Amino acid sequence: AEVKADQAEAESKANEWYLKEVQWSMTGHPADKTPIRIITQEINGSCSLIALCDAGNALILKGDIEILPPTRTSVSYDYLSSLVATFLLTNRESSSLAAALSALPSTRSGLAVDPLFTRIDGFKPRVRSKHDDGTGELALFRLAGVPLLHGWVVDPSAPEFSVMSKIGDYDSAVEVIAAGDELTGGQLVGDYADVSLEALNNPQWTAQQRSVVEDAIAAQKFLKASSHQLTYHGLFGVSSALRPNELAVLFRNSHLSVIYKRPALDGGEDALYTLVTDSSLRNEPAVVWETMWDIEGALDFVDGDFHPSSTLGGDWAGHTAIHDDRSEHEDGFYDRE
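Treat the numbers as computed from the prediction; the structure is a model and nothing was measured.

Quick look at the sheet that holds strand β9 (residues 271-275) now. Picture the strands of a sheet paired through backbone hydrogen bonds; they go either parallel or antiparallel. With respect to topology, 6 strands assemble into an open sheet ordered β6-β7-β8-β9-β10-β11, the strand pairing being mixed. A strand with exactly one partner marks an edge of an open sheet, and here the two such strands are β6 (148-150) and β11 (301-302). Across 3 bridges, β6 lies against strand β7 (residues 247-252) in parallel orientation. Paired with L148 across the bridge in β7 is V249.

Listed below in structure tokens is the structure:
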């Protein structure tokens, strides 16, 4: 009984997320900014893949939902899912509404989608069970009015374009690589940086087998070159697809992030930013967004006015973090470098 009680308590804590107050202006003008509260997540925690958090944050930023009462410091999964469900039922009429609502419970374990390499808005649903075709989670974002995008897109000018557009998606690419690895006796998986078809050529291969190996090599090269699950072609596509002041959710590195295209109010260019939701930074009021200009993850923090900022603790965030009775957060420092 004690073990079950401990497990129930641990599950309850894992499904409860801290809130953080930030300054936000939906118009993009600093004069219009107001304080709102966003949902934070443990960067490596159990909720790092939960679509509901990011859909919820996007709806909060859009002003579609509000977390009440103002004194609330955290939200549970049940509270947030009820809030999102109420919004959908009240504001949306669609044949896919039932699918979106039925998908809410599955968001506990992550978003079951597979990005397509030729479209920034292309996702292939992963079927969880015979009773779930995987389309409900995509409908959740669509009905919430929040674009779900990714930047893992092959450049049409790249040598691998014809192969990757034929393969289509990540899961299929893995299958092609596995088939090629089997034909080459295990010479593809691993250190494949300098592998070429000529070096692996087997005169006993049929034309079809040779084509499989050739496709596997091309897929390996593309996946290695885009190991951050983002290409410059994809980043440009995401930026071009969003209008100034538009919010979206970005799928990258098996993680979801709210992104925002800030208009050029000061004579500069429109720019993309990612909402900072790491719970170890929840007591860092000047850390609200991070720049999104590099595919390798280089970033700079900015505040609610999009001015450069840093953590109060210098290079180590969490110096001023709130301490409470949840021990897993007490030493939650995050090294920016």
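Let us now look at the environment of S165. Tracing the backbone shows S165 in helix α6 (residues 161-167). Judged by its relative accessible area of 32%, S165 falls in the partly exposed class. Sequence-wise, S165 and V153 are 12 residues apart; in three dimensions their C-alpha atoms are separated by 9.5 Å. Among the polar contacts listed, one links the side chain of S165 to the backbone oxygen of F161, at a separation of 2.8 Å. Within the structure, the side chain of S165 is placed 3.0 Å from the backbone oxygen of S162, a separation counted as a polar contact.

One pass over the full model with this rule turns up 11 aromatic pairs. Measuring from ring centre to ring centre gives 5.3 Å for F117 and W152, while their planes differ by 80°; the resulting arrangement is edge-to-face. With a gap of 35 residues between them, F117 in the loop between β4 (113-115) and β5 (123-125) and W152 in the loop between β6 and α6 connect regions that are remote in the sequence. Both residues of the pair, F117 and W152, count as buried. With centroids separated by 5.7 Å and ring planes inclined at 25°, the aromatic side chains of W289 and F306 adopt a geometry described as stacked. Of this pair, W289 sits in strand β10 (residues 289-291) while F306 sits in the loop between β11 and β12 (316-317), placing them 17 residues apart in sequence. Classification of W289 as buried rests on a relative accessible area of 0%. Every member of this aromatic cluster is reached through a ring pair, and the members are W24, Y260, Y273, W289 and F306. Sitting over the face of the ring of Y79, R72 holds its NZ or CZ atom 4.0 Å from the ring centroid.

With that settled, the discussion passes to the pattern of salt bridges. A complete count under the given rule lists 6 salt bridges for this structure. A salt bridge links D64 to K62; its shortest N-O distance comes to 3.7 Å. According to the relative accessible area criterion, D64 is partly exposed, its value standing at 31%. Look at K62 and you get partly exposed, because its relative accessible area is 29%. In this structure, the salt-bridge partner of D121 is R119, at a minimum N-O distance of 3.2 Å.

Taking 1.5 Å of rise per residue, 15 residues should cover 21 Å, and helix α3 (residues 77-91) covers 21 Å from first to last C-alpha, within 8% of that figure. Regarding α3, the residues found buried are Y77, L80, S81, L83, V84, A85, F87 and L88.

Turning our eyes to something else, we now look at the nonpolar core. Counting residues in hydrophobic clusters, the biggest one holds 45 residues, and the most contacted among them are I39, L61 and W289. Breaking this core down by element, the ones donating at least two residues are β1 (16-24), β2 (34-39), α2 (51-62), α3, α5 (135-144), β7, β8 (255-262) and β9. Top element by residues in this core is α2. It accounts for 7 residues. Beyond its immediate stretch of four places on either side in the chain, L61 contacts W24, M26, I36, L247, V258, L275 and W289. Core analysis: the second largest hydrophobic core is formed by 13 residues, L235, A248, L272 and I295 among them.

Moving on, we get to unusual backbone geometry. In this structure, P69 follows L68 across a cis peptide bond, with omega equal to -5°. With respect to the helices and strands, the residue P69 is situated in the loop between α2 and β3 (74-76). A positive phi angle, close to 75°, is found at N245, a residue other than glycine. Counting through the fold element by element, N245 comes out in the loop between α10 (232-241) and β7. N245 gets classed as buried once you look at its relative accessible area, which sits at 19%. Despite not being glycine, F306 shows a phi value in the positive range, around 65°. Looking at F306, the relative accessible area reads 12%, which means it is buried.

Attention shifts here to the sheet that holds β2. As summarised here, the arrangement of the 3 strands in space is β2-β1-β3, forming an open sheet in which the pairing is antiparallel. Edge positions in the sheet fall to β2 and β3, since each of these pairs with one other strand and no more. Across the sheet, the axes of successive neighbouring strands diverge by a mean angle of 35°, strand direction being ignored. With 3 bridges joining them, β1 and β3 adopt antiparallel strand pairing. The residue bridging Y18 from the neighbouring strand is S74, located in β3. Of the strands in this sheet, β1, β2 and β3 are in contact with α3, which crosses β3 at around 80°.

Parameters and conventions
- Every residue gets a number counted from 1 within its own chain, in the order that chain's sequence is written.
- pLDDT decides what is reported in this predicted model: residues at 70 or higher carry local features, side-chain atom pairs at 80 or more are listed and counted, and totals for whole chains, interfaces and linings draw on all residues regardless.
- In computing side-chain values, all of the structure's heavy atoms are included and hydrogens and water are not.
- A pair of strands counts as paired when DSSP detects no fewer than two bridges linking them.
- By the criteria applied, helices consist of DSSP H or I runs no shorter than four residues and strands consist of E runs no shorter than two, each listed in order from the N terminus.
- Whether a residue is buried, partly exposed or exposed follows from its accessible area with a 1.4 Å probe, protein chains only, as a fraction of its type maximum: under 20%, in between, or over 50%, in that order.
- Counted as a polar contact is a pair of N or O atoms within 3.5 Å, where, for protein atoms, one must be capable of donating a hydrogen and the other of accepting one, and residues adjacent in sequence contribute only when both atoms are in side chains.
- Only rings of Phe, Tyr and Trp enter the pairing, Trp through its six-membered ring, and a pair is recorded when the two centres are within 6.5 Å. The plane angle decides the type: under 30 degrees is stacked, over 60 is edge-to-face, the rest tilted.
- Only Lys NZ and Arg CZ are tested; either one counts as a charge over a ring when it is within 6 Å of the ring centre and within 35 degrees of the ring normal.
- Here, a salt bridge means any side-chain nitrogen of Lys or Arg that lies within 4 Å of a carboxyl oxygen of Asp or Glu.
- The span you would expect from a helix comes to 1.5 Å times its residue count less one.
- Working definition of a nonpolar core: buried Ala, Val, Leu, Ile, Met, Phe, Trp, Tyr and Cys residues. They are joined through side-chain atoms within 4.5 Å.
- In what follows, residue pairs with any heavy atoms lying within 4.5 Å of each other are defined as contacts.
- Lines fitted to the C-alpha atoms define the axes, with helices restricted to the stretch that makes contact. Angles between their N-to-C directions range from 0 to 180 degrees.

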